[in-house]
Amino acid sequence: MIHGRFGGGCWWKAVVVVALVTSSQRSTGAEESGHPDPSGITPQEAVAAGPAAGPDAGEEAPVTPEAGPAAEASQATAAAGLPEAPAADADRDAGAVADGPDPAAAAGSEGVGEAAVHRAGAGHTRVRLKLDVTGEIFATVGADAPPLRLPTKLEARFDFIESAGDAAEGAVVVRRYRDAVAELSVDGPPQRVALAADAREVRFALLGMTPAPFLASGHLTREEMDLLETPFDPLLMEAILPRSPVAENEPWVIPPDATAGLLTIDTVESGRVEARVTGVTDGVATVAIEGIVDGAVDGVPTHVTVEGTCVLPVAAGDGKLTLDTPPSSASLTLRERREAGHVAPGFDVEAHVSFARDQASADEAEEAGAGGESVRSGGSGRPGLVWHRDRLGRYEIVHDGRWKTIEDGLDGLVMRLVDRGALLAQCSVTALPRGPASAPPTIAEVERDLQRSLAGQATGIEHSSEASRSDGVRIVRVVATGKAGDLPFRWVHAVLTDASGQRVAVTCMLEGGLRDRFGNADRDLVDGISLPRAAAANQDGPGEPIEREARLPPATPTP
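From a predicted model like this one, the values you see are computed outputs, not experimental measurements. (Residues numbered from 1 in each chain as written. Predicted model: local features only at pLDDT ≥ 70, side-chain atom pairs only at ≥ 80, totals over all residues. Heavy atoms only, no water.)

## Section: the pairing of strand β22 (residues 474-484)
Right, so step 1: Of all eleven residues in β22, nine are buried, a share of seventy percent or more.
Right, so step 2: The sheet contact formed by strand β21 (residues 458-468) and β22 spans nine bridges and is antiparallel. Considered in β22, the bridge of His463 is made with Val479.
Right, so step 3: Taken together, β21 and the strand that follows it, β22, pair antiparallel across an intervening segment of five residues, in which Gly472 is found at a positive phi of about 90°.
Right, so step 4: Relative to strand β23 (residues 487-497), β22 runs antiparallel, the two sharing eleven bridges. Counterpart to Val476 in the pairing with β23 is Val495.
Right, so step 5: Taking the residues between adjacent antiparallel strands as the criterion, β22 and β23 are bridged by two residues, where Gly485 takes a positive phi near 70°. (Buried < 20%, exposed > 50% of the residue type's maximum accessible area, 1.4 Å probe, protein only. Helix = DSSP H or I, 4+ residues; strand = E, 2+ residues; numbered from the N terminus. Pairing = 2+ DSSP bridges.)

## What to know about the nonpolar core
Right, so step 1: Tyr177, Phe232, Val287, Ile289 and Leu323 are the most contacted members of the largest nonpolar core, which has 68 residues in total.
Right, so step 2: Tallying contributions element by element places strand β4 (residues 172-186) first for this core, with six residues.
Right, so step 3: Filtering out sequence-adjacent residues up to four positions away, Tyr177 remains in contact with Phe158, Asp159, Phe160, Leu195, Arg200, Val202, Phe204, Leu228 and Ala368.
Right, so step 4: The next biggest cluster of nonpolar side chains, apart from the first, holds 28 residues, and it includes Leu417, Ala425, Val473 and Leu514. (Core = buried A, V, L, I, M, F, W, Y, C linked by side-chain atoms within 4.5 Å. Contact = heavy atoms within 4.5 Å.)

## Quick look at the packing of aromatic side chains
Right, so step 1: Counted by the stated rule, this structure contains two aromatic pairs.
Right, so step 2: A centroid spacing of 5.0 Å and a plane angle of 50° characterise the contact between Phe160 and Tyr177, whose relative ring orientation is tilted. Of this pair, Phe160 sits in strand β3 (residues 148-164) while Tyr177 sits in strand β4, and the two are 17 residues apart along the sequence.
Right, so step 3: Sitting over the face of the ring of Phe138, Arg149 holds its NZ or CZ atom 4.8 Å from the ring centroid.
Right, so step 4: The aromatic ring of Phe204 is capped on one face by Arg175, whose charged end is 4.6 Å from the ring centroid. (Phe/Tyr/Trp six-rings, centres within 6.5 Å; stacked < 30°, edge-to-face > 60°. Lys NZ or Arg CZ within 6 Å of the ring centre and 35° of its normal.)

## Concerning the sheet that holds strand β19 (residues 412-419)
Right, so step 1: The antiparallel open sheet is built from seven strands, whose spatial order is β18-β19-β20-β24-β23-β22-β21. Two strands bound the open sheet, and with one partner strand each, they are β18 (403-409) and β21. Between one strand and the next, the sheet's axes are offset by a mean angle of 15°, whatever the strand orientation.
Right, so step 2: By the bridge criterion, seven bridges tie strand β20 (residues 422-432) to strand β24 (residues 503-511) in an arrangement that is antiparallel. If you follow Ala431 over to β24, its bridge partner there is Val504. (Axes fitted to C-alpha atoms, helices over the stretch in contact; angles between N-to-C directions.)

## Some details on the sheet that holds strand β17 (residues 396-400)
Backbone hydrogen bonds hold the strands of a sheet together, and the pairing may be parallel or antiparallel.
Right, so step 1: Taken in spatial order, the three strands line up as β16-β17-β25 in an open sheet, and their pairing is antiparallel. Taken across any chain shown, the strands that pair with only one partner, and hence form the sheet edges, are β16 (385-389) and β25 (529-530).
Right, so step 2: Relative to β25, β17 runs antiparallel, the two sharing two bridges. Bridge pairing in β25 links Glu396 to Ser530.

These figures come from the coordinates and say nothing about function on their own.
As structure tokens, then:
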């Protein structure tokens, strides 16, 4: 069996990852691991998925679906540029956890989530965290060619005040960021990713062993969510504590689910991470953490080794040590090799993460929470949703986090839907030239353009419908079936038009056998799209629109 956490991802992701994937695919058109090569499919037949709701009128029925004394840790923390914290401050199975202490008896993650949230949120705590990564990323460029390899380096710094959320919010921690910035370079000058001024107060809910960030109002972008994901997040550090008192140098196993969360991977398939007290000075214990794990992220194999130390208060009695307070500081080194996958290149890196935390005042918390006026989509935020805004402001999308961006340019947005490691679909979203406001595309026109684009691959139109939303946006949706190579496929194409004639096309492509699992992902994605009225005036300039053709998006270099 396999141990895992809710969600998962690459903790040092950044926009340039998309650039590398796109570059390698442009040179070969090669498809990455495990998914049928859709090279026989026109680029327009992109694929999609997301959340929201509201069936369109006239549509078919929905488808069901390790070290040293405490001084070592202090020195390591100081070397990382972090302050030394006061010493007294206060669901699956890994078959490889076979030897050594019984993890169920030594430690456990049961109930750690909500308890950790409440404990972490007690009063106000200032946390300063540093993450440095060096190594290389690689991507396949062809069957007979060696992988493209590029050196990469990341430097990320975080400074925030952590507090409990309002009682009405439940088990939620609020982090008010003074600073959250990363500089990532891939074979070139560094690119900077920072938390926007209107997203400095972020809520975190624990979904399983995944700290899920979200805003009270509005939504985070994918880049912001990736920026906030770090290994050994302090919010999860209570999970390393043993369930019962232990003797010095007596190891205990960190539960696999907690291990997955701490390493920011989806599953632990084999291996384990252990902890043990290596020394106690003045009521402060130094705990060594070390281990080797094989697991997966988005269905892609990954191999991780970890070693380091953390410091925490300890109580002694009867020859045993009681550890029941999360670490006040930690310094760890991770080495990870991850294979390339459906939505990101592979990488081979070494990462150093350090953090320290101490008490903060309410005034510090309030000051840290000050931000700018929000420019993002409104509405009540919640975990799992991502906000994307077109570079020219022609449209905005609030979509399911399972949709991963693989290409984002002026010509359009391409995303892939990955669910529990499986690639379900690909989707393109493109802003089209404005059409006559008085004559939006008809069902017949959209059907004609879809069939023409598929160039004989489509064998028929399965369903067509049109509907108008409460915001006045009209949606024409056409579903076609056919074959690409020897595989049955479905193409779901939708054209959204507002009262000014501004239009956006959404095209999803998926294998026929994935229809039930895909469910209503295309409808949810479309429901999450809004067309800001200001964009219409900037898209084509004054005068009559160029055309009214309900065409598909222009060709994308992504297969």
